[in-house]
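# Tertiary structure, described
Residue-level listing of the chains:
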Amino acid sequence: MVPTLFGRIQTRLWLLAVVGALVTAALTPVLPMDAPLADKYQATFVVLGAVAVIGIAWELLYHLLMQWRWEKDWPTMFGLFTGIPEGLLVGYLATQGWLPFLPAAVAPAAFVIHFTVVWLVVWLVANGPMRVPFIRWRFRGGRLL
Amino acid sequence: MTEVVDVHRQESAAGTPVRPLARLLASAGAWTDEMIAGYGIPVQDTPIATVGGGIGSYILADYLRVAGGVPTSGLRVVSNLSHPWQTYERLANSSQISPTDRIRSDSASRPDNLWGFPSYALQEAIRDRSLGPLAHVFVEPIFDDYYTPRLGDVMKSIEREARRIRYWDMLVRGDAQLVRKRVGGGYYVLFVDERQEDPQPMALRVRDVHLAVGYPGLKFLPELQEFRERKNDHHRVVNAYENHEHVYHALRRRPGTVLVRGGGIVASRVLERLILDRQRYGQPTRIIHLLRTYVTGSHGPHPWARRSGKHGFAYQGFNYPKSVWGGQLKARMASLHGKDRADVYEEIGGTTTAYRREWQRQLRTAREEGWYHAVCGTISDLQDTGPKLTARMRVEQGEFEVEPDFVIDCTGLNAEVTEHQVLRDLLVHGGAQLNPLGRMDVKGSFELIGADSGPGRVYVTGAASLGGPFPGVDTFLGLQIAAQEVVDDIARRGHCRHLGPIASTLEWLRWATGRQL
Ligand SMILES: Cc1cc2nc3c(=O)[nH]c(=O)nc-3n(C[C@H](O)[C@H](O)[C@H](O)COP(=O)(O)OP(=O)(O)OC[C@H]3O[C@@H](n4cnc5c(N)ncnc54)[C@H](O)[C@@H]3O)c2cc1C
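Residues numbered from 1 in each chain as written. Chains lettered and ligands numbered in written order. Predicted model: local features only at pLDDT ≥ 70, side-chain atom pairs only at ≥ 80, totals over all residues. Heavy atoms only, no water.

If you tally the helices and strands in chain B, you get 17 helices and 20 strands. Taken against the 2.2 N^0.38 rule, which gives 24 Å for 517 residues, the C-alpha radius of gyration of chain B at 24 Å falls within 12% of a compact globule. Seen through its C-alpha atoms, chain B measures out along the principal axes to roughly 70 × 55 × 50 Å. Among the 517 residues that make up chain B, the fraction classed as buried is 58%. Nonlocal contacts in chain B, meaning residues at least 24 apart in sequence, comprise 69% of its contacts between residues at least 6 apart. As presented, chain B carries roughly 21400 Å² of accessible surface, and 51% of it is formed by carbon and sulfur atoms. Charged side chains in chain B number 64 positive and 60 negative. The centres of these two groups are separated by 3 Å. (Helix = DSSP H or I, 4+ residues; strand = E, 2+ residues; numbered from the N terminus. Rg over C-alpha atoms; globule rule 2.2 N^0.38 Å. Buried < 20%, exposed > 50% of the residue type's maximum accessible area, 1.4 Å probe, protein only. Contact = heavy atoms within 4.5 Å. Areas by Shrake-Rupley, 256 points an atom, 1.4 Å probe, with all protein chains shown as cover. Lys, Arg positive; Asp, Glu negative; His and termini not counted. Charge placed at Lys NZ, Arg CZ, Asp CG, Glu CD.)

This part takes up the site of the ligand. Residue and element names in this part refer to chain B. Neighbouring the ligand are 29 residues, the closest being Gly56, Asn80, Thr87, Arg104 and Asp474. A distance of 3.0 Å separates a nitrogen atom of the ligand from a polar side-chain atom of Ser105. In this structure, Ala176 approaches the ligand through a main-chain N or O atom, which is 2.8 Å from a nitrogen atom. Relative to its unbound accessible surface of 980 Å², the ligand loses 88% to contact with the protein. When residues of the shell around the ligand are traced back to their parent elements, those giving at least two are helix H3 (55-66), strand S3 (75-79), helix H4 (86-94), strand S5 (175-181) and helix H16 (476-492). The element that contributes the greatest number of residues to the shell around the ligand is H4, accounting for four residues. Of the residues in the shell around the ligand, the class split is 14 nonpolar, 12 polar and three charged. (Near = heavy atom within 4 Å. Polar contact = N/O pair within 3.5 Å; in protein donor to acceptor, adjacent residues only side chain to side chain. Nonpolar A, V, L, I, M, F, W, Y, C, P; charged D, E, K, R; others polar.)

What follows is about the interface of chain A and chain B. Chain A puts 32 residues into the contact, and the matching count from chain B is 47 residues. For the pair chain A and chain B, the interface holds one salt bridge. Residue Asp488 of chain B is joined to Arg136 of chain A by a salt bridge in which the shortest nitrogen-to-oxygen separation is 2.7 Å. Linking chain A with chain B are 20 residue pairs in polar contact (both at pLDDT 80 or more). A per-class count over the side of chain A that touches chain B returns 18 nonpolar, six polar and eight charged. (Salt bridge = Lys/Arg side-chain N within 4 Å of Asp/Glu carboxyl O.)

A few words on helix H11 (residues 265-281) of chain B. Residue and element names in this part refer to chain B. For H11, built from 17 residues, the straight-helix expectation of 24 Å at 1.5 Å per residue is met to within 8% by its first-to-last C-alpha distance of 24 Å. Of all 17 residues that make up H11, 13 are buried, and the element is covered over most of its length. Positive backbone phi, approximately 75°, marks Gly282, located one or two places after H11. (Expected span 1.5 Å × (residues − 1).)

Along the chain, Phe117 of chain B connects to Pro118 of chain B via a cis peptide bond; the corresponding omega equals -5°. Mapped onto the fold, Pro118 of chain B is located in the loop between H4 and helix H5 (120-128). A cis geometry characterises the amide bond from Glu140 of chain B onward to Pro141 of chain B, with omega recorded as -15°. Along the chain, the position of Pro141 of chain B falls in the loop between helix H6 (132-139) and helix H7 (151-164). Positive phi values are uncommon outside glycine, yet Lys72 of chain A reaches one of about 50°. By the element assignment, Lys72 of chain A lies in the loop between helix H2 (37-66) and helix H3 (76-81).

Attention now moves to the domain arrangement of chain B. Residue and element names in this part refer to chain B. Looking at the assigned domains, one finds that chain B contains domain 1 (20-105 + 149-217 + 415-513) and domain 2 (220-296 + 353-411). The C-alpha-based centres of domain 1 and domain 2 are spaced at 36 Å. With eight residues of domain 1 at the contact, the number on the domain 2 side is 15 residues. Taken together, both faces of the contact between domain 1 and domain 2 bury some 880 Å²; the carbon and sulfur share is 49%. On inspection of domain 1 and its partner domain 2, the count reaches zero salt bridges. Our enumeration of links across domain 1 and domain 2 arrives at three residue pairs in polar contact (both at pLDDT 80 or more). In terms of residue class, the side of domain 1 that touches domain 2 is built from three nonpolar, three polar and two charged. (Domains from an automatic or database assignment. Buried area = accessible area lost by both parts, 1.4 Å probe.)

What follows covers the packing of H5 of chain B against H6 of chain B. Residues and elements named next belong to chain B. At a minimum axis distance of 7 Å, the contact between H5 and H6 shows a crossing angle of 150°. Here H5 is positioned roughly antiparallel relative to H6, judged by the angle of their axes. Contacts from Ala121, Leu122, Glu124 and Ala125 of H5 reach H6 at Pro133, Leu134 and Val137. Within the contact of H5 with H6, the residues separate by chemical class into six nonpolar, no polar and one charged. (Axes fitted to C-alpha atoms, helices over the stretch in contact; angles between N-to-C directions. Parallel < 35°, antiparallel > 145°, perpendicular 65-115°, else oblique.)

Structure, rendered in structure tokens:
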């Protein structure tokens, strides 16, 4: 999918809300966190929410950077590697306990596992299977609405 | 199962036009049922007809069958081809793409699969048990060229899907003569099967017509055309889209000079062939490459609109910037009209070729060894001077002469819509108009503006619809985008299913398991 600005944002929100939430729901119980399960869920969903919300600002930046590309495309690799700066930022905020609604600072190992798995699965879904139910999505720059 | 056979066409009974046909061809305005019955023309009713039967018709048929849920009885394909990839294969082979060569569209441009998933790269990776194709897509276009599928794989996939949707049950062999409005709504598609001993006109009475008729013919530069006609020499001055193997055969046996004209991907392929043959057969072939526009570097009005280029070529992965098929450029174009749209066409247009690392290496060697010269200019005169030709070239510094043995014109195909009888008639009698680029004026839904007939619509996709709100029309993915628009429009008008997420997933499962429709 070659994104437009609104397409990027919608795709990110949809994928995190559906695929990200499913992965988080399945993964949270096994994450190395020393807390009751309810607190663990609260922490991972706050992190997921932060990736979505802060991500809107990231998407604005990516859209700006994309303008220097003649093709106005966003290579597959970029979609994966943008996870590094995004992960570092959200990871810092989460492990410091600075994200709102966090029950406690998130253990670094738990964050790394959670973020990496969610990012990878979302990236894989965006690069193929997403097109199966949403047959018009790729021709609309990633817009679902 | 349907056999794929190519029946050779018999010469039609030239000079003895079938009378009702001649009368109908000369008539103006809409046709009545009585008129057609009066001429004794057999009529078949069907809701939709697609004229052409090449890749564009095939993609529309696929979309109608799969997404629209239309049965085979709901569609007829009127074509002079026996299989949809016939013209494409011929043009590809002539222009030096062998079945194992890679074409120029991306991994998810799958004419045989509405979803583009699994992509060609994923399929190739699974089949060859190799991560190579996936790694290629992962690093493209930054650390490697764009991944593109092999011609043979693409054609095989098209054939598989054609059988799955029972394409040949819908095929009606014939040359469409006219598409005329029918009094009372809808259209008549009048066609003649020229393969018959005594070809008789036949008609389809339809609600909607789709036209994907490709290119009317080859395009030659005027001075080359003039030479071919004057000397009746189709041997030494050839078009890259026609079979010109004899040129390569001759150059294997003796030293020679070739003048290659054009800077597009076909020129790149012709150069590749000449260079490889030179290395393989050891003949000192010399190449003069004539470009009308010589690109020396990145070009464009500002840093956000700069295309790369060098050594005469403008480089681009595909025949438009990638975002034309779904990103920013597609969205932007759809909202532009008139001159603004034409300006963007101008900005993103122009001849380009793909930057392929292999081609760069070959040309670098050729340049360094001094047997390849690219010059910027035009041919002002071409004469037959014995065993060789003499071409007078006009360049910036003045004029000079070269003596090539062959001239290969790689400047393209003729897209003049008024040279196609059916399209011309729609312009003259059907209410259709030309767009600012001189092709058929269509809406975003690919409906031909001004040609509706009661509840019926004409849709045009492919090269004839270039210049509309969507530029990438003449490509596999573009034809698929167009088919989606057409089928969605037909669904909006209440004549077929609108494909939602659940049905789409079910249809994909059917595709993946090869279930026949
Ligand atoms: C050399 C070459 C390489 C290409 N490579 C790529 C690529 O890598 N990727 C990509 O996406 N696209 C590529 N394309 C473009 C792609 O092939 C075209 O977009 C596509 O084939 C166009 O389909 P079409 O149906 O419009 O035309 P065609 O496939 O040419 O079919 C139209 C056919 O309609 C028939 N016809 C015309 N008039 C009538 C009539 N009156 N009655 C009955 N039949 C009629 C003719 O037989 C004609 O051939 C390439 C094109 C060429 C020439």
